[in-house]
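Structural features, examined
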Amino acid sequence: MVNVVEVRNLAKSFGKRCVLKDINFSLRRGEMVGIVGENGSGKTTLLKTIVGLLSPSAGEIVVREKVGYCPQEMLVFETLTVHENFAYFAAAYGLRQGPGADGWHGRESFLLSRFSFAPYRDALVSNLSGGTRQKLNLSLAVLHEPGLLILDEPYSGFDWETYLHFWNYAAELKAAGACFLVVSHFIYDRSKFDTVYELREGVLQCA
Amino acid sequence: MRLSHIVAAWRMSVRELLRSRIAVILFFVIPTLFYAIILLTTTHKEIFFKLASVSEEMFIRVSQRQEALVFMGLAAVGLLTSFLALNLTQKHAPANRRLILCGYTTSELLSSKFLTLVGLIVGIGVYISLLLLLFFQPRRLPLVLLGFMLAGFVYGCYGLMVGAIFRRELEGILFIVLLANIDIGWLQNPIYYAEAQNKFIIRHLPAYFPSQVSMAAAFSDHSVLAPLGGSLVYGSLLLLAAGLVFGWRMRIKK
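First, a word on scope: everything that follows refers to the structure included in this document. (Residues numbered from 1 in each chain as written. Chains lettered and ligands numbered in written order. Predicted model: local features only at pLDDT ≥ 70, side-chain atom pairs only at ≥ 80, totals over all residues. Heavy atoms only, no water.)

**Some words on the overall build of chain B**
Heads up, the rule is: By definition, any uninterrupted DSSP run of H or I lasting at least four residues is a helix, any uninterrupted run of E lasting at least two residues is a strand, and each is numbered from the N terminus. Type-normalised accessible area, obtained with a 1.4 Å probe on protein chains alone, sets the label of each residue: buried when under 20%, exposed when over 50%, and partly exposed for intermediate values. It only takes one pair of heavy atoms within 4.5 Å for two residues to be counted as in contact. For the accessible areas, the method is Shrake-Rupley and the probe is 1.4 Å, while residue cover comes only from the protein chains on display. Under the counting rule used here, the positive set is Lys and Arg, the negative set is Asp and Glu, and His together with the chain ends is not counted. The location of each charge is read from NZ of Lys, CZ of Arg, CG of Asp or CD of Glu.
A count of helical and extended segments in chain B gives 11 helices and 2 strands. Mapped from its N terminus to its C terminus, chain B presents α and β elements in the order α-α-β-β-α-α-α-α-α-α-α-α-α. Projecting the C-alpha coordinates of chain B onto the three principal axes gives extents of approximately 60 × 35 × 30 Å. Taken across its 254 residues, chain B has 54% of its residues classed as buried. Nonlocal contacts in chain B, meaning residues at least 24 apart in sequence, comprise 75% of its contacts between residues at least 6 apart. Counting only carbon and sulfur atoms, one obtains 68% of the accessible surface of chain B, whose full area is about 11700 Å². Between the averaged position of the 23 positive side-chain charges in chain B and that of its 11 negative side-chain charges there is a distance of 15 Å.

**Looking at the packing of aromatic side chains**
As a reminder, the rule being used: Two rings from Phe, Tyr or Trp (for Trp, the six-membered ring) form a pair when their centres sit within 6.5 Å of each other. Planes less than 30 degrees apart are called stacked, planes more than 60 degrees apart edge-to-face, and all others tilted. Two conditions define a charge sitting above a ring: the NZ of Lys or the CZ of Arg must be within 6 Å of the ring centre, and it must be within 35 degrees of the ring normal.
Counting across every chain of the model gives 26 aromatic pairs over all chains. Between Y155 of chain B and Y158 of chain B the ring centres are 6.0 Å apart and the planes differ by 70°, which places this aromatic pair in the edge-to-face class. With Y155 of chain B and Y158 of chain B both in helix α6 (residues 141–165) and 3 residues apart, the pair spans about one turn of that helix. Of the two residues, Y155 of chain B and Y158 of chain B, both sit in the buried class. Look at Y193 of chain B and Y208 of chain B: their rings are 6.4 Å apart centre to centre, the planes differ by 40°, and that puts the pair in the tilted class. Residue Y193 of chain B is located in helix α8 (residues 190–195), and its partner Y208 of chain B is located in helix α10 (residues 208–219); the two are separated by 15 residues in the primary sequence. Accessibility classification places Y193 of chain B together with Y208 of chain B in one group, the buried group. The structure contains a cluster of three or more aromatic residues connected by ring pairs, namely Y155, W160, Y163, F166, W167 and F193 of chain A. It is K199 of chain B that lies over the ring of Y193 of chain B; its NZ or CZ is 5.2 Å from the centre. The ring of W248 of chain B carries the charged tip of R251 of chain B above its face, separated from the ring centre by 4.5 Å.

**A look at the packing of helix α3 (residues 64–90) of chain B against helix α7 (residues 169–187) of chain B**
All names here are of chain B. As a reminder of what qualifies: For every element, the axis is a line fit to its C-alpha atoms; helices are fit only across the contacting stretch, and the angle between N-to-C directions ranges from 0 to 180 degrees. Here the word oblique covers every angle except those under 35 degrees (roughly parallel), over 145 (roughly antiparallel) and from 65 to 115 (roughly perpendicular). When the near helix sits turned anticlockwise from the far one by under a right angle, the crossing is termed left-handed; a clockwise turn instead gives a right-handed crossing. Classification used: nonpolar for Ala, Val, Leu, Ile, Met, Phe, Trp, Tyr, Cys and Pro, charged for Asp, Glu, Lys and Arg, polar for all others including Gly.
One way to put it is that α3 packs onto α7 with a least axis distance of 10 Å and a crossing angle of 160°. In terms of axis orientation, α3 runs roughly antiparallel to α7. In terms of crossing hand, the pair formed by α3 and α7 is right-handed. Here α3 contributes F71, L74, A75, G78, L79, S82, F83, L86, N87 and Q90 to the contact with α7, which in turn contributes E169, G172, I173, I176, A180, I184, G185 and W186. Residue composition of the contact of α3 with α7, grouped by class: 11 nonpolar, 6 polar and 1 charged.

**Focus on empty space enclosed by the protein**
The following threshold applies: In the cavity and pocket records, a cavity denotes points on a 1 Å grid over the protein atoms alone where a 1.4 Å probe fits but cannot get out, a pocket denotes an open set with protein on both sides within 12 Å along at least 5 of 7 lines, and lining residues are residues with an atom within 4 Å of a point. Grid points are joined across faces, edges and corners, and a volume is the space filled by probe spheres set on the points.
Counting across every chain of the model gives 2 cavities of 30 Å³ or more. Within this model, the largest cavity holds a volume of roughly 140 Å³. Looking at the largest cavity, the residues that line it are F77 and T79 of chain A together with S13, E16, L17, S20, N87, L88, K91, H92, N96 and K113 of chain B. Among the elements of the structure, α1 (3–18) and α3 of chain B are those that each provide at least two residues to the lining of the largest cavity.

**Re the pattern of salt bridges**
As a reminder, the rule being used: A side-chain nitrogen of Lys or Arg and a carboxyl oxygen of Asp or Glu constitute a salt bridge if their distance falls within 4 Å.
Scanning the entire structure with this criterion turns up 18 salt bridges over all chains. The partner of R29 of chain A in a salt bridge is E65 of chain A, and the shortest N-O contact between them spans 2.9 Å. Of this pair, R29 of chain A sits in the loop between β2 (17–28) and β3 (32–36) while E65 of chain A sits in the loop between β4 (58–63) and β5 (67–70); the two residues are 36 residues apart in sequence, bridging distant segments of the chain. Overall, the relative accessible area of 46% leaves R29 of chain A in the partly exposed class. For E65 of chain A, a relative accessible area of 24% corresponds to the partly exposed category. Between R61 of chain B and E46 of chain B there is a salt bridge, and its shortest N-O distance comes to 3.7 Å. With a gap of 15 residues between them, R61 of chain B in strand β2 (residues 59–63) and E46 of chain B in strand β1 (residues 46–50) connect regions that are remote in the sequence.

**Description of the sheet that holds strand β8 (residues 195–200) of chain A**
All names here are of chain A. Rules: Here a strand pair is declared whenever DSSP counts at least two bridges between the two strands.
If you trace the 6 strands from one edge of the open sheet to the other, you get β5-β6-β7-β3-β8-β9, paired in mixed fashion. The outermost strands of the open sheet, each flanked by one partner alone, are β5 and β9 (203–206). Adjacent strand axes in the sheet meet at a mean angle of 20° when their direction is disregarded. Inspection of the sheet shows β8 paired to β9 by 4 bridges, in the antiparallel sense. By the bridge assignment for β9, R200 is matched with V203. Contacts from helix α1 (residues 43–51) reach β3, β5, β6 (148–152), β7 (179–184) and β8 within the one sheet, and its direction differs from that of β6 by about 150°.

Take a look at the structure:
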């Protein structure tokens, strides 16, 4: 089976400080990989390098699927409403308008309902709680139904119920063939992952 | 460049701007405050000055208040547009970068911001021209308005550039206030300019050409074509610089 992501001999340095050293791994369709590590171990740098926000200092990254990236920070527009944020990102993804199955309005309704924040559809993001903002942050990453989800601390700020909703949804996507690269300080339930790596002093090793 | 992307981003930019309380407050406060100070501190005493862009050795004789009204109108346009333009490129810069990751191009985002800026320039220019009309009738009002808009264009592009360069608001505001204060709020005043030395420096500051358009239009019948062209070139160069810095800031590796 063709790998969706291949990372070969990846290294990343900031000046003289080497954050990632000779990273190698791959992801196949329907696979879920977790990466854990202490604060400052380079987890976010690794994801940012894979999605293209940072340039690698050495090595090669091959991505063969549509990417959905959920950053650790809430990279949303605070002075727009939840709905307007959906509209903005739908335009970015080039999604069609309309309520049908192929229109982004349908996807918006589905995600609002799935993550239980439909009542906030017309609220300004600046007025939302941290957890609800994170729901939006995550929803924007999956709005275009990507085949590869790169999620940086995706459930931080979620209450327990939303955490469970997240994993149910992830399991459905995984069953449909999507693959996941999830970074977190803590991985509570390792059984949800096919592989868990630990990033320690810039080196990726099996946890 | 996809038109649908530009239109969507422009609509969102406008909404963000209209929801910014400080932007709306400044829009009304700055011109009102500037004109109130002029009315409180100037007289109708006649003053004489030479216009820098007019080669003839001809003195223009106008009331101190009228000269100050045009000059402060320019200052208000420059300060307002540069501040609001700063917001366009600086605010939500990381979220804009996420949009680029999701499919936007830098040029589409910048075009939408420039379109928003054009709307601002027209709105602010017309508003301040109408305020000016309450106090006196310039000789060629449409060209005075054009001068205001050119000041908005040059300073707006400067604001876009400063917003793209600095990540923090305070530094951006400092650079805007500093230049606006020295240039459009001081050195370009024809009364100061007439007696200044090293005029070469003043002639190369951003507000020189637009202020010459408005001043010449308000108080003379001289052609404003040369300063009009100069303003467009100056503003375009600043826009180009803003585009380059914005593109560099927003770059992603595809």
